[in-house]
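For reference, the chains in residue letters:
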Amino acid sequence: MLIFAFAAGMGVPYPQSANAESEAPPSTLKTDGYVIGSEDVLDISVWKNADISRVVTVRPDGMISLPLLGDIQAAGLVPDELRKEIVKKIKNYQKSGEVAVIVQDVNSRKVYIVGDITNPGTYPIKSRTTVLQAIAMAGGFNQYASKNSLVLIREDGDGKRKKIRIRFGDIVNVKKKKDNNLVLMPGDTIFVP
């Protein structure tokens, strides 16, 4: 569980890999912390107002709904930005609003693993996850996999797709000086031909 309250910068920025030159900057990274996304579960606590306080799930449209306050944009904001938005809306109904935004469950960060893999599918990434770790989460290669022809498909901030060829042999080769085990970003797809 990630906890964000009153101070900006308490979030955990998304990690970068040692091979940053071949990676597009993640669209879910701001310099001041974790960026809320669709399907994340948030605990909104309003001091001395149990009617507004509740646990909410960010909808696919990026909004959350709170009694009295209505719909509020949450996706794309860091928890402190969301907290400030809620405080602004609360001031229409009460003098002051002390609010805490707690990210209870990170569900918006997913990667997709398809092709000749034991268990293809969608996998959550709740912490730093590399290509090798994602392959392990998916149960490893099946007997037909072409291990040295992997393709990582990544969307950059402009919506353009970038394809990165990955050789499994380069990832596990201890003699290689360059780390080819890329850190995954939310929305990445690994194709195993």
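All values derive from a computational prediction rather than experimental measurement. (Residues numbered from 1 in each chain as written. Predicted model: local features only at pLDDT ≥ 70, side-chain atom pairs only at ≥ 80, totals over all residues. Heavy atoms only, no water.)

A. Local environment of a nonpolar patch on the surface. On the surface, Y112, V114 and F191 cluster together to form a nonpolar patch covering roughly 230 Å² of accessible area. For V114, the location among the structural elements is in strand 9 (residues 110-115). Since its relative accessible area comes to 34%, V114 is described here as partly exposed. (Patch = residues over 30% accessible without salt bridge, like charges linked within 9 Å, V, L, I, M, F, W, Y side chains within 5 Å. Areas by Shrake-Rupley, 256 points an atom, 1.4 Å probe, with all protein chains shown as cover. Salt bridge = Lys/Arg side-chain N within 4 Å of Asp/Glu carboxyl O. Helix = DSSP H or I, 4+ residues; strand = E, 2+ residues; numbered from the N terminus. Buried < 20%, exposed > 50% of the residue type's maximum accessible area, 1.4 Å probe, protein only.)

B. Local environment of the nonpolar core. Judged by nonpolar contacts, the single largest core of 23 residues is most densely connected at L42, I44, I64, L66, L82, I86 and V99. At the level of secondary structure, the elements contributing two or more residues to this core comprise strand 4 (41-46), strand 6 (63-66), helix 1 (79-90) and strand 8 (99-105). The leading source of residues in this core is helix 1, at four residues. (Core = buried A, V, L, I, M, F, W, Y, C linked by side-chain atoms within 4.5 Å.)

C. Summary view of the pattern of salt bridges. The full count for this structure, using the stated rule, is nine salt bridges. As a salt-bridge pair, R59 and D71 come within 3.2 Å of each other at their nearest N and O atoms. In this pair, R59 is assigned in the loop between strand 5 (54-57) and strand 6 and D71 in strand 7 (residues 70-73), connecting sequence segments 12 residues apart. Take R59: its relative accessible area is 26%, and that puts it in the partly exposed class. By relative accessible area, which is 39% here, D71 ends up partly exposed. The salt bridge involving K88 is made with E85; its shortest N-O contact spans 3.1 Å. Within this pair, K88 and its partner E85 are both found in helix 1, separated by three residues, close to a single helical turn. Residue classification places K88 among the exposed positions, given a relative accessible area of 54%. The partly exposed category is assigned to E85, whose relative accessible area is 31%. A single network of salt bridges, built from pairs that share partners, joins R59, D61 and D71.

D. Region of interest: the sheet that holds strand 12 (residues 161-166). Read from one edge to the other, the open sheet built from five strands follows the order 10-9-13-11-12, with strand pairing classed as mixed. Of all strands in the sheet, those with a lone pairing partner are strand 10 (121-124) and strand 12, marking the two edges. Shown here is a sheet whose adjacent strand axes are inclined to one another by a mean of 20 degrees, direction ignored. (Pairing = 2+ DSSP bridges. Axes fitted to C-alpha atoms, helices over the stretch in contact; angles between N-to-C directions.)

E. Geometry of the packing of aromatic side chains. The full count for this structure, using the stated rule, is one aromatic pair. Considering the side-chain rings of F141 and F168, the 5.0 Å spacing of their centres and the 85 degrees angle between planes classify their relative orientation as edge-to-face. Of this pair, F141 sits in the loop between helix 2 (131-137) and strand 11 (150-155) while F168 sits in helix 3 (residues 168-172); the two residues are 27 residues apart in sequence, bridging distant segments of the chain. With respect to class, F141 is no different from F168; both count as buried. (Phe/Tyr/Trp six-rings, centres within 6.5 Å; stacked < 30°, edge-to-face > 60°.)

F. How the structure looks around the environment of A74. Mapped onto the secondary structure, A74 falls in the loop between strand 7 and helix 1. A sequence separation of 11 residues divides A74 from M63, and the C-alpha atoms of the two residues are 5.4 Å apart. Setting aside residues up to four positions removed in sequence, A74 forms contacts with I36, L42, V58, G62, M63, I64 and L82. (Contact = heavy atoms within 4.5 Å.)

Purely geometric stuff here, so don't read any function into it on its own.
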